[in-house]
Structure formats: C-alpha cells, structure tokens
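Residue-level listing of the chains:
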Amino acid sequence: TNPTKEDEEYVQSILEDVRWIQQGLPVFDTNDGEGNQSGEDVGPWYGKVRKTSDYFDLIYDAAVYLIESGDAFVDELSAEEMREYRGTLTEPGRESPHRDRSVEENLRLFEEMKNGDHEDGKYVLRAKIDMTSPNLNMRDPVLYRIKHE
C-alpha cells in the first residue's frame, strides 16, 4: 500500500465492513492462558490498523530471498510490453528478455530500486512462475514495485 494515498475514511470503511461481516460469528478468542483478551472487541480487525507498508523490511527480505533462490527477477518491460508478453487466454505468454538475468544483477538492481536510484516504474520485481499457465495471473506476476513520493 502507499500510505500517502490512503484516505482514513476509506480505511475506516473497510474496518466497518469487516466488523459487519464478523457479526454473528463466534467470538474471536485470543485467550492463550497468558492473560490475553478474549471477547467482542478483540481480533485482527480491532486495535492498530496494519498496512503493508508497515512490513517493508520483512517484505523486502522475502523479495531478496526469492531473487537469491532464482524464483524472482527484476524486469524493465513497460506495462504495455508486459501485457503483450503475457499472452491471451488462448495463447501462451512469452518470457521477458530480462527473466534470465543473473542473481547478482537482480540483487544489484533491486537494491537500486530500494535506494531510489531509478524513476518510478522503470523496474519491478516479478515472480518466475509459468508463462504458459492458463491462469493469466500466474504468468510471472509483479510482486514488488517502488513508488517515490
């Protein structure tokens, strides 16, 4: 998430919807024998609002792990090129020409992304999955992008 673009009214609306859905379900029980609360106003939909950006370091480390294991790569195709390479429901996609970069090169570029060395949208991190999958969403999806504000 991009915290600079999040409207508090939108966040509260989501929380209200989740609480409404939760009505009628069994009470969320966090009693673990150590005095933690149990009851109506506990659970992941109460308390401090957590945003993806709160977990930047953890997500970044997971992305580095995927690069090091050969399961992700830094790509520089434009959004239009990515759509073209993705293929269609009846035609398989094509691999990005950047898919086989070395682990070292991917790590260097990813670090540069984090440091803000490139303009927004120049690079993204994509998972190496399957460009022939019948599910278009599984064709090397974008996992990580950085937007500078």
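Our structure's up above, just so we're on the same page.
Residues numbered from 1 in each chain as written. Predicted model: local features only at pLDDT ≥ 70, side-chain atom pairs only at ≥ 80, totals over all residues. Heavy atoms only, no water.

**Overview of the pairing of strand E2 (residues 124-127)**
In plain terms, the rule: Type-normalised accessible area, obtained with a 1.4 Å probe on protein chains alone, sets the label of each residue: buried when under 20%, exposed when over 50%, and partly exposed for intermediate values. Note on conventions: DSSP H or I runs of at least 4 residues are helices, E runs of at least 2 residues are strands, and numbering of each starts at the N terminus. A pair of strands is labelled paired if DSSP reports no fewer than 2 bridges between them.
Covered by surrounding structure in E2 are Val-124 and Arg-126 together with Leu-125 and Ala-127, the residues of both alternating faces. For strand E1 (residues 72-75) and E2, the ladder comprises 4 bridges, and the chain directions are antiparallel. From the neighbouring strand, Val-74 faces E2, where its bridge partner is Leu-125. In the sheet, E2 pairs with strand E3 (residues 142-144) via 2 bridges, with the strands oriented antiparallel.

**Some details on a nonpolar patch on the surface**
Spelled out, the test is: Each patch is built from salt-bridge-free residues with over 30% relative accessible area, joining like charges within 9 Å and nonpolar side chains (Val, Leu, Ile, Met, Phe, Trp, Tyr) within 5 Å. Only the protein chains shown count as cover for residues, and the accessible areas themselves come from Shrake-Rupley with a 1.4 Å probe. Salt bridges are defined as contacts in which a side-chain nitrogen from Lys or Arg sits within 4 Å of a carboxyl oxygen from Asp or Glu.
A contiguous nonpolar surface patch, about 280 Å² in accessible area, is contributed by Tyr-10, Ile-14 and Val-18. Within the secondary structure, Val-18 sits in helix H1 (residues 8-22). With relative accessibility at 31%, the residue Val-18 sits in the partly exposed group.

**Examining the environment of His-118**
Note the following rule: Whether two residues are in contact is decided by their heavy atoms, any of which lying within 4.5 Å being enough. Here a polar contact is taken to be a pair of N or O atoms separated by no more than 3.5 Å, where protein atoms must pair a possible hydrogen donor with a possible acceptor and residues adjacent in sequence count only if both atoms sit in side chains.
Topologically, His-118 is positioned in the loop between helix H4 (103-115) and E2. By relative accessible area, His-118 is classed as partly exposed at 23%. Every residue in contact with His-118, bar those within four places of it in the chain, is listed here: Glu-112, Met-113, Tyr-123 and His-148. Of note is the side chain of His-118, whose polar atom sits 2.6 Å from the side chain of Glu-112.

**Quick notes on the packing of aromatic side chains**
The description of an aromatic ring pair rests on the distance of the ring centres and on the angle between the ring planes. Note the threshold: When two rings of Phe, Tyr or Trp (its six-membered ring) have centres within 6.5 Å they constitute a pair, described as stacked for plane angles under 30 degrees, edge-to-face for angles over 60, and tilted for the intermediate range. Charge-over-ring placement is defined geometrically: NZ (Lys) or CZ (Arg) within 6 Å of the ring centre, and within 35 degrees of the ring normal.
Evaluation of the coordinates by the stated rule reveals 5 aromatic pairs. Ring plane angle 20 degrees and centroid distance 6.0 Å describe the contact between Phe-56 and Tyr-60, whose orientation is recorded as stacked. Pair noted here: Phe-56 and Tyr-60 are both in helix H2 (residues 56-68), with a separation of 4 residues, about one helical turn. Judged by its relative accessible area of 36%, Phe-56 falls in the partly exposed class. When the ring of Tyr-60 is compared with that of Phe-110, the centres are 4.9 Å apart and the planes differ by 10 degrees; the resulting orientation is stacked. Note that Tyr-60 is positioned in helix H2 and Phe-110 in helix H4, a separation of 50 residues in sequence. Pair check on accessibility: Tyr-60 and Phe-110 agree, each one buried. Stacked on the ring of Tyr-85, the Lys or Arg Arg-94 has its end atom at 4.1 Å from the ring centre. Taking NZ or CZ as reference, Lys-114 lies 4.7 Å from the ring centre of Tyr-60, over its face.

**Here's the deal with the sheet that holds E3**
What counts, and what does not: Here an angle of 0 to 180 degrees is reported between the N-to-C directions of two axes, which are lines fitted to C-alpha atoms, with helices fitted over the stretch in contact.
Taking strand neighbours across the sheet as the criterion, the 3 strands line up as E1-E2-E3 in an open arrangement whose pairing is antiparallel. With partners counted over all chains shown, the strands left at the sheet margins are E1 and E3, one partner each. Strand-to-strand twist of the sheet, defined as the mean angle between neighbouring strand axes without regard to direction, takes the value 45 degrees. Strand contacts of H2: E1, E2 and E3, with the helix running at about 130 degrees to E3, the strand carrying the most contacts. Most of the contacts of H4 go to E1, to which it runs at about 60 degrees, and overall it touches E1, E2 and E3.

**A look at empty space enclosed by the protein**
Going by this rule: Points on a 1 Å grid, built from protein atoms alone, make a cavity when a 1.4 Å probe fits but cannot get out and make a pocket when they are open with protein on both sides within 12 Å along at least 5 of 7 lines; residues with an atom within 4 Å of a point are the lining residues. Grid points are joined across faces, edges and corners, and a volume is the space filled by probe spheres set on the points. Lys, Arg, Asp and Glu make up the charged group, whereas Ala, Val, Leu, Ile, Met, Phe, Trp, Tyr, Cys and Pro make up the nonpolar group; the residues left over, Gly among them, are polar.
Inspection of every chain in the model, using the stated rule, returns 1 cavity of 30 Å³ or more. If you add up the space inside the largest cavity, you get close to 60 Å³. Lining of the largest cavity is provided by Glu-112, Met-113, Gly-116, Asp-117, His-118, Glu-119, Asp-120, Gly-121, Lys-122, Tyr-123, Ile-146 and His-148. Partitioning the lining of the largest cavity into residue classes produces 3 nonpolar, 4 polar and 5 charged.

Interpretation note: all reported values are geometric properties and have no functional meaning in isolation.
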